[in-house]
Amino acid sequence: MSSATPPSAQPAAAPTVIACDIFCAVIDNFGDIGVCWRLARQLASEHGWLVRVFVDDLHAFQKLCPSLALDRARQAIGGIVIEHWREPAHAGDTLEVADVVIEAFACELPPIYVAAMARRERAPVWLNLEYLSAEDWVADFHLRPSPHPRYPLTKTFFFPGLGPGTGGVLKERHLDAARMAFEASQPAREAWWLETTGRAPPPATATVISLFAYENPAVDSLLEQWRDGAEAVVLLVPEGRISGAVARFFGLPSFTAGSHAERDSLSAHALAFTAQAGYDPLLWASDVNFVRGEDSFVRAQWAAKPFVWHIYPQADDAHLPKLDAALAHYARSLPGDARNALARFWHAWNGAGKPDWAEFQRHHAVLKRRAAEWAGELALIGDLAGNLALFAKTQLK
Ligand code: TRH
């Protein structure tokens, strides 16, 4: 009798090309699918993975990815398969379980899919991708395993973060080079301004501000300060939840894409919501970026410009410690007066006090230097897709 292990008892070989399923339930807005789509594209293009995205809201997705068809149960875009996740139980018409299964933001996988994971010869690497938080506890919980109560499966919690020991945040390999090429090319910037606003770039003396935010009562005061200030402000407003307030300020019925309005020092353009890749150049073209949620907050950090964060509001003000935790990282090495001005401005933009633009802008040069330095520090943590791929590969060995 041979002493060799029978074939059925041998561990399955590690896959040569990794298949990955990402499940995404859209709660609201664009961040859930925004993060999943960015991650999917990076795992496919930079790591050569075969990626499928299950998403329940194709309308939200189509805003970021205009070539998406709303009426198709399954389609492929850029080599990534997209399944319309029609109901909680639906797991695609063919139940092929991937090597790596990513459950985004605790969206709960279809039970039929989990059962199939348990039947698979080699258990998949099962990751719960959490929301980003800069709080310190995140490093302790990152990569903690959680055994399934009934199946021989383990789910691992993958925590994005801004500090060492976390999963980091998403950053494409080409991103810095693309930004620097844009910043270095006058023709590229002129073409962007013409295409985006229908006009030539403003003079270098103007401060260009991008404004992506939720409804925000502080915006009225800020619009007044920009209108009455000594320096010219050019405001770029992607169509969205803050547009109504901008329209009211200018006495317009709406502020839809293509609208333009001026009052004294303030000149404002309403922009069409672009495909996801088109959002970065808006940040690069601006001197100060107002961002929100999760993904645009991360992009603003890579844009290496001063920015103001409208954090996603949570019940019982649970978001406020997260705002301060992000400030603690980002503002760490700023001189005291600039750090206080930044914190006061971020707090005011998130409901505590009145924003003081002049005080914030007084520190522009030092905030700009810090923004570039911080982008370098953040990059040292490694990018989330790379960190995730590395972890999955070590589990699949
Ligand atoms: O849309 P958001 O408010 O999403 C939020 C957050 O993710 C939050 O954490 C989550 O809990 C909540 O959704 C449910 O903000 P966020 O995360 O910045 O996502 C916006 C996406 O939209 C981002 O990927 C950038 C993209 N975008 C475009 O593609 N084109 C555009 O013109 C603009 C302005 C944004």
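Note that the coordinates shown come from a computational prediction; the quantities given were computed from them, not determined experimentally.

The rules behind these values
- Residues numbered from 1 in each chain as written.
- Predicted model: local features only at pLDDT ≥ 70, side-chain atom pairs only at ≥ 80, totals over all residues.
- Heavy atoms only, no water.
- Helix = DSSP H or I, 4+ residues; strand = E, 2+ residues; numbered from the N terminus.
- Rg over C-alpha atoms; globule rule 2.2 N^0.38 Å.
- Buried < 20%, exposed > 50% of the residue type's maximum accessible area, 1.4 Å probe, protein only.
- Areas by Shrake-Rupley, 256 points an atom, 1.4 Å probe, with all protein chains shown as cover.
- Lys, Arg positive; Asp, Glu negative; His and termini not counted.
- Charge placed at Lys NZ, Arg CZ, Asp CG, Glu CD.
- 1 Å grid on protein atoms, 1.4 Å probe; cavity = no way out; pocket = protein on both sides within 12 Å on 5 of 7 lines; lining within 4 Å.
- Points joined across faces, edges and corners; volume = space filled by probe spheres on them.
- Nonpolar A, V, L, I, M, F, W, Y, C, P; charged D, E, K, R; others polar.
- Domains from an automatic or database assignment.
- Polar contact = N/O pair within 3.5 Å; in protein donor to acceptor, adjacent residues only side chain to side chain.

Participant: For the overall build of the protein chain, give the residues involved together with the corresponding values.
Facilitator: A tally of helices and strands in the protein chain yields 15 helices and 14 strands. Whereas a compact globule of 397 residues would reach a radius of gyration of roughly 21 Å, the protein chain reaches 23 Å, a difference of no more than 12%. Expressed as lengths along the three principal axes of its C-alpha atoms, the size of the protein chain is roughly 90 × 45 × 45 Å. When each of the 397 residues of the protein chain is scored for burial, the buried share is 53%. Per element, the accessible surface of the protein chain, about 17,600 Å² overall, is 56% carbon and sulfur. In the protein chain, 36 side chains carry a positive charge and 45 a negative one; their mean positions are 3 Å apart.

Participant: I'd love a proper account of empty space enclosed by the protein, names of residues and values included.
Facilitator: The full count for this structure, using the stated rule, is two cavities of 30 Å³ or more. Counted as a void, the largest cavity has a volume near 80 Å³. In terms of lining residues, the largest cavity is bounded by Val35, Pro160, Gly168, Val169, Leu170, Glu294, Asp295, Val298 and Leu384. Among the residues forming the lining of the largest cavity, the class breakdown is six nonpolar, one polar and two charged. Formed jointly, the lining of the largest cavity draws a minimum of three residues from each of two domains, domain 1 (16-169 + 382-396) and domain 2 (175-379). Taken as a whole, the second largest cavity encloses approximately 30 Å³ of empty space. As for the second largest cavity, its lining consists of Leu132, Ser133, Ala134, Leu162, Phe297, Trp309, Lys322 and Ala326. Looking at the lining of the second largest cavity residue by residue, the class counts come to six nonpolar, one polar and one charged. Split by domain, the residues of the lining of the second largest cavity number at least three in each of domain 1 (16-169 + 382-396) and domain 2 (175-379).

Participant: I'd love a proper account of the side chain of Glu83, names of residues and values included.
Facilitator: Here Glu83 is to be found in strand S4 (residues 80-84). By relative accessible area, which is 1% here, Glu83 ends up buried. Side chain to side chain, Glu83 and Arg52 meet in a polar contact 3.4 Å long.

Geometry only, nothing functional implied.
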